[in-house]
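Remarks on the overall topology
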Amino acid sequence: MILKTKFQLSFMMFLEFFIWGAWFVTLGTFVGTNLQAKDSEISLAFSTQSFGAIIAPFIVGMIADRYFNAEKILGLIHIIGGALMFWLYKTSDFSLFFPILLGYMILFMPTLALVNSISFNQMSNPEKEFSIIRVWGTVGWITAGFIISFFGWDSQEGLSQGLLENTLLMASAMSMLLGVYSFSLPKTPPKGKDSGPFEISKALGLDALSLLKHKNFAIFFVCSILICIPLAFYYQNTSPFLTEIGLENSTGKMALGQVSEVLFMLALPIFFSKFGVKKTLMLAMFAWAVRYFLFAFGDAESGVWMLLIGIALHGICYDFFFVSGQIYTDSHAGEKYKSSAQGMITLATYGVGMLIGFWIAGLISENYADLAGNHDWKSIWLIPSGISVMVLLLFTALFKKERVQPLQ
């Protein structure tokens, strides 16, 4: 790629994940503080991500892949998304906030595939070139978190003044910017219009279900769904948890998770090659259990180191499981099911697994809350820690050692 194209794609990724990180990290705190939402309503708000992940293949498969250039539909979605985000900024009632957010996430989730499609279309060697572009998305997410804490929107004083609503306004403005900017991106014409009629089974990756005949892959598939239950606790509860216990600059500190994500992404190929897929996945699940254990016993004073280590473990938790899982899935799928298999795993994890996880996290959080809205966080965090241990034991006992070549 020429330098101009690298910059265009990198800035696109930066804006894409800046927008998501600008509001999603603090969503639980915002709806709980500004909208006085209950824990069950907070879980409902987070579940919009899962509904978006389930519906996204239809939008990409039926529209983006067949009728319009990817950069044009990306631009249109983000302009509409910016307007919806501004509507969310002006909304003060959860009963109206939820359907608007649902509409926004149904539009936003397909853009994650669109920015990848636009990037891959410009690459002759995606295995080597994509990571250099994609890392700017992580930088965007980190930058959004630091801005929130820099201006004190997530501080106790900022929360009392309702300043966290500014995250939605910031996301709206950046979404509009990306919407307009998208029309200047390299042209990415639709590739699916000549591939025959649209099939729901292919869009959802269901034609790759035959891969489940392989025992190891079936165990991995089930454990991928199950491990997304404790993952949902992290996304849904971490910001409200850190805010409630009085940790200052909590959003900026949570960005340490994305910093570690970059570092462990670099370490993953080495670890994967040396220890293999089973030990890599086991380490990720063990890290999940440790993270929630540290959250359970950490605090904003003498135990703040436990919280920071727990946040920093995000790189191992995410990279060593999900990225390794993508490599493992790719190795089993072959050319015939390469795209379908990844779609099936995405639907199972971000769709089904996290939808169940958000629901369970909401029920547990509400069960361990008093009338004043304060939570017994120790009891709450020990539950996903225990679930992670059980999934780890299940995987360790049933998954047989298997050698897989990592992507170079």
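The written sequence of each chain sets the order in which its residues are numbered from 1. A pLDDT threshold of at least 70 governs which residues receive local features in this predicted model, and a stricter bar of 80 or more applies before side-chain atom pairs are shown or counted, although totals over entire chains, interfaces and linings include all residues. Heavy atoms from the whole structure form the basis of all side-chain values; hydrogens and water molecules are not counted.

1. Description of the overall build of the chain
Scanning the chain from terminus to terminus reveals 15 helices and 0 strands. Buried residues are those whose accessible area, probed at 1.4 Å on protein chains only, stays under 20% of the maximum for their type, while exposed residues exceed 50% and partly exposed ones sit between those limits. Considering the chain as a whole, with its 408 residues, one finds that 56% of them fall into the buried category. Residue pairs in contact within the chain that sit at least 24 positions apart in sequence constitute 85% of those at least 6 positions apart. Secondary structure elements follow DSSP: runs of H or I no shorter than four residues count as helices, runs of E no shorter than two count as strands, and numbering proceeds from the N terminus. Residue contacts are counted whenever heavy atoms from the two residues lie within 4.5 Å of one another.

2. Concerning a nonpolar patch on the surface
Note that patches include only residues with greater than 30% relative accessible area and no salt bridge, and the join distances are 9 Å for like charges and 5 Å for nonpolar side chains (Val, Leu, Ile, Met, Phe, Trp, Tyr). Note on areas: Shrake-Rupley with a 1.4 Å probe; residue coverage comes only from the protein chains shown. When a carboxyl oxygen of Asp or Glu lies within 4 Å of a side-chain nitrogen of Lys or Arg, that pair is called a salt bridge. Residues Leu-76, Ile-79, Ile-80, Met-176, Val-180 and Phe-183 make up a contiguous nonpolar surface patch of roughly 510 Å² in combined accessible area. When residues of the nonpolar patch are traced back to their parent elements, those giving at least two are α4 (70–89) and α8 (166–182). Ranked by the residues each element gives to the nonpolar patch, the list is headed by α4, at 3 residues. Residue placement: Met-176 occurs in helix α8. Judged by relative accessible area, Met-176 falls into the partly exposed class, the value being 32%.

3. Concerning helix α12 (residues 256–297)
Helical geometry note: an α-helix holds 3.6 residues per turn, so side chains three or four residues apart project in the same direction. With 42 residues, α12 extends just 19 Å between its outermost C-alpha atoms, more than 12% less than the 62 Å of an ideal straight helix rising 1.5 Å per residue. To get the bend at a residue, fit one axis to the 7 residues ending there and another to the 7 starting there, then take the angle between the axes. At Gly-276, α12 shows its largest bend, some 120°. Working rule for helices: expected span equals 1.5 Å times residues minus one.

4. Overview of the side chain of Ser-155
Note that Ser-155 resides in the loop between α6 (126–150) and α7 (156–160). Here the side chain of Ser-155 touches Gly-152 through a polar contact of 2.7 Å, landing on its backbone oxygen. Two N or O atoms form a polar contact when they lie within 3.5 Å of each other; inside protein one atom must be a possible hydrogen donor and the other a possible acceptor, and for residues adjacent in sequence the pair counts only when both atoms belong to side chains.

5. Here we look at unusual backbone geometry
Non-glycine residue Gln-36 carries a positive phi angle of around 55°. You can see Gln-36 is positioned in the loop between α2 (27–33) and α3 (39–64). Non-glycine residue Asn-249 carries a positive phi angle of around 55°. In this fold, Asn-249 is placed in the loop between α10 (215–244) and α11 (250–254). On the accessibility criterion, Asn-249 (36% relative accessible area) is partly exposed.

6. Concerning helix α5 (residues 94–120)
Given a rise of 1.5 Å per residue, 27 residues ought to cover 39 Å, and the 39 Å separating the end C-alpha atoms of α5 matches this to within 8%. Its axis deflected by about 25° at Leu-112, α5 carries its strongest bend there.

7. Examining the environment of Ala-369
Along the chain, the position of Ala-369 falls in the loop between α14 (314–367) and α15 (377–398). Placed 331 residues apart in sequence, Ala-369 and Lys-38 show a C-alpha to C-alpha distance of 9.8 Å.

8. A closer look at the packing of α4 against α5
The angle between two axes is taken between their N-to-C directions and runs from 0 to 180 degrees, where each axis is a line fitted to C-alpha atoms and a helix contributes only its stretch in contact. Here α4 crosses α5 at 155°, and the two axes come no closer than 9 Å. As judged from the angle between their axes, α4 and α5 are roughly antiparallel. For the crossing formed where α4 meets α5, the hand is left-handed. Contacts between α4 and α5 involve Ala-70, Glu-71, Ile-73, Leu-74, Ile-77, His-78, Ile-80, Gly-81, Leu-84, Met-85, Trp-87 and Leu-88 on the former and, on the latter, Leu-96, Phe-97, Ile-100, Leu-101, Gly-103, Tyr-104, Leu-107, Phe-108, Thr-111, Leu-114, Val-115 and Ile-118. Partitioned by chemical class, the residues of the contact of α4 with α5 number 19 nonpolar, 4 polar and 1 charged. Any angle that falls under 35 degrees is termed roughly parallel, while one over 145 is termed roughly antiparallel, one within 65 to 115 roughly perpendicular, and all others oblique. Whether a crossing is left-handed or right-handed is set by the direction in which the near helix is turned from the far one by less than a right angle, anticlockwise for left-handed and clockwise for right-handed. All residues other than Ala, Val, Leu, Ile, Met, Phe, Trp, Tyr, Cys, Pro, Asp, Glu, Lys and Arg, Gly among them, are scored as polar; the first ten of these are nonpolar and the last four charged.

9. Quick notes on the nonpolar core
Counting 122 residues, the largest nonpolar core has Met-12, Trp-20, Trp-23, Phe-97, Tyr-235 and Phe-321 as its most contacted members. Considering every element that reaches this core, the biggest residue donor is α14, with 19 residues. The residues touching Met-12, leaving out its near neighbours within four places in the chain, are Leu-74, Val-115, Ile-118, Ser-119, Leu-178, Tyr-181 and Leu-185. As used here, the term nonpolar core means buried Ala, Val, Leu, Ile, Met, Phe, Trp, Tyr and Cys residues forming a set that is joined through side-chain atoms within 4.5 Å.

10. What about the side chain of Thr-111?
With respect to the helices, strands and loops of the structure, Thr-111 is situated in helix α5. Taking the relative accessible area as the measure of exposure, Thr-111 reaches 0% and is therefore buried. Polar contacts involving the side chain of Thr-111 include one to the main-chain carbonyl oxygen of Phe-108, which spans 2.5 Å. With residues near it in sequence (within four places) discarded, Thr-111 still touches Glu-16, Leu-74, Ile-77 and His-78.

11. What about the packing of aromatic side chains?
Pairing of aromatic rings covers Phe, Tyr and Trp, the last through its six-membered ring, and needs centres within 6.5 Å; plane angles under 30 degrees mean stacked, over 60 mean edge-to-face, and all others mean tilted. Evaluation of the coordinates by the stated rule reveals 43 aromatic pairs. Arranged with centres 6.3 Å apart and planes meeting at 40°, the rings of Phe-17 and Trp-20 form a pair that is tilted. You can see Phe-17 and its partner Trp-20 sitting in helix α1 (residues 3–24), 3 residues apart, about one turn around the helix. Take Trp-20: its relative accessible area is 9%, and that puts it in the buried class. Charge over a ring is defined by NZ of Lys or CZ of Arg lying within 6 Å of the ring centre and within 35 degrees of the ring normal. Directly above the ring of Phe-17 sits Arg-134, whose terminal nitrogen or CZ lies 4.0 Å from the centroid.

12. Digging into the environment of Asn-69
Mapped onto the secondary structure, Asn-69 falls in the loop between α3 and α4. Separated by 118 residues in the primary sequence, Asn-69 and Lys-187 place their C-alpha atoms 6.8 Å from one another. Not counting the four nearest positions on each side in its chain, Asn-69 is found in contact with Lys-187, Thr-188, Pro-189 and Pro-190. Among the polar contacts made by the side chain of Asn-69, one reaches the side chain of Glu-71 at a distance of 3.0 Å.

13. Notes on the packing of α1 against α5
Contact geometry of α1 with α5 gives a least axis separation of 11 Å together with a crossing angle of 155°. Overall, the two elements α1 and α5 adopt an arrangement that is roughly antiparallel. The two elements α1 and α5 cross, and the hand of that crossing is left-handed. Here Leu-9, Met-12, Met-13, Glu-16, Phe-17, Ile-19, Trp-20 and Trp-23 of α1 lie close against α5, whose contacting residues are Leu-101, Tyr-104, Met-105, Phe-108, Met-109, Thr-111, Leu-112, Val-115, Asn-116, Ile-118 and Ser-119. Its residues assigned to classes, the contact of α1 with α5 comprises 15 nonpolar, 3 polar and 1 charged.

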